[in-house]
Amino acid sequence: NAGVTQTPKFQVLKTGQSMTLQCAQDMNHEYMSWYRQDPGMGLRLIHYSVGAGITDQGEVPNGYNVSRSTTEDFPLRLLSAAPSQTSVYFCASRQGNRGYGYTFGSGTRLTVV
Amino acid sequence: KQEVTQIPAALSVPEGENLVLNCSFTDSAIYNLQWFRQDPGKGLTSLLLIQSSQREQTSGRLNASLDKSSGRSTLYIAASQPGDSATYLCAVLRGWGSNYKLTFGKGTLLTVNP
């Protein structure tokens, strides 16, 4: 099993550009979520999904959009990149039962100049 | 609002020492607690998952305990090795209805010196 796969691993954007960070999991997990990790701030939840067609906002959703058309994929869209969105982005997934833990992807390092 | 605190923020020990990392959380109504390891520039690797009904979990040289009523967990690493050097994160899972939220501490940066 590949687990949680994120692409790209690195990306540099100019202010105002848009892009999509890809996340795919092959474990048939219901729950998927996006986090950003910043020095001194820890990991913060951006958006999450409890199943195909269902998404909701986390702590820091502004400037980001998500959709969940399939169980496997949960892309994160930056609509108009800003320097404040420079961060490392992690996608995670887990089984629906609350007794299960999370599996994380290897991350996307994004720099907005 | 759930808050998770990890102490110490950084720890440096000589190889071979046994050590304890601490994690505390403000809301004891959790489903489970998960310890992760993060190497520099890498993703999060799950080390141990403790259910709210459990007191401890063990994997090799790692032992994690959970005292839900006091809002505390510890990660014990026996006979530390330089390869254990990494940032260790704890995270607690809470839920409401069909929604769940994983809240992280800011981590403990561990350095094991040869």
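Our structure's up above, just so we're on the same page.
Residues numbered from 1 in each chain as written. Chains lettered and ligands numbered in written order. Predicted model: local features only at pLDDT ≥ 70, side-chain atom pairs only at ≥ 80, totals over all residues. Heavy atoms only, no water.

With respect to the packing of aromatic side chains
Step number 1: Evaluation of the coordinates by the stated rule reveals eight aromatic pairs over all chains.
Step number 2: Ring centres 5.0 Å apart and planes at 85° place the aromatic pair Tyr31 of chain A and Tyr100 of chain B in the edge-to-face group. Of the two residues, Tyr31 of chain A is situated in strand 4 (residues 31-38) and Tyr100 of chain B in strand 10 (residues 99-104); the pairing between them involves two chains. As far as the burial class goes, Tyr31 of chain A and Tyr100 of chain B line up, both buried.
Step number 3: Ring-pair connections join several aromatic residues into one group, and the members of that group are Tyr35 and Phe104 of chain A together with Phe36 and Phe104 of chain B.
Step number 4: The positively charged end of Arg94 of chain A is found above the aromatic ring belonging to Tyr31 of chain A, 4.7 Å away from the centroid.
Step number 5: Above the ring of Tyr100 of chain B, the side-chain terminus of Arg94 of chain A is found at 4.4 Å from the ring centroid. (Phe/Tyr/Trp six-rings, centres within 6.5 Å; stacked < 30°, edge-to-face > 60°. Helix = DSSP H or I, 4+ residues; strand = E, 2+ residues; numbered from the N terminus. Buried < 20%, exposed > 50% of the residue type's maximum accessible area, 1.4 Å probe, protein only. Lys NZ or Arg CZ within 6 Å of the ring centre and 35° of its normal.)

So, the pairing of strand 9 (residues 86-96) of chain B
All names here are of chain B.
Step number 1: Pairing analysis gives seven bridges linking strand 4 (residues 32-38) to strand 9, with the strands arranged antiparallel. Bridge pairing in strand 9 links Gln34 to Ala91.
Step number 2: Of the strand pairs in this sheet, strand 9 and strand 11 (residues 108-113) are connected by three bridges, and their pairing is antiparallel. Within strand 11, the position partnered with Thr87 by the bridge is Leu109. (Pairing = 2+ DSSP bridges.)

A few points about the state of the cysteines
Step number 1: Evaluation of the coordinates by the stated rule reveals two disulfides over all chains.
Step number 2: Linked covalently through their sulfurs, Cys23 of chain A and Cys91 of chain A form a disulfide whose S-S length is 1.9 Å. On the sign convention where negative is left-handed, the bridge of Cys23 of chain A and Cys91 of chain A, at about -70° about the S-S bond, is left-handed. You can see Cys23 of chain A sitting in strand 3 (residues 19-25) and its partner Cys91 of chain A sitting in strand 9 (residues 87-94), a full 68 residues away along the chain.
Step number 3: The exposure class of Cys23 of chain A is buried, given its relative accessible area of 1%.
Step number 4: What pairs with Cys23 of chain B in a disulfide is Cys90 of chain B, and their sulfur atoms sit 1.9 Å apart. When the S-S torsion is 70°, as for the bridge of Cys23 of chain B with Cys90 of chain B, the disulfide is right-handed. (Disulfide = S-S within 2.5 Å.)

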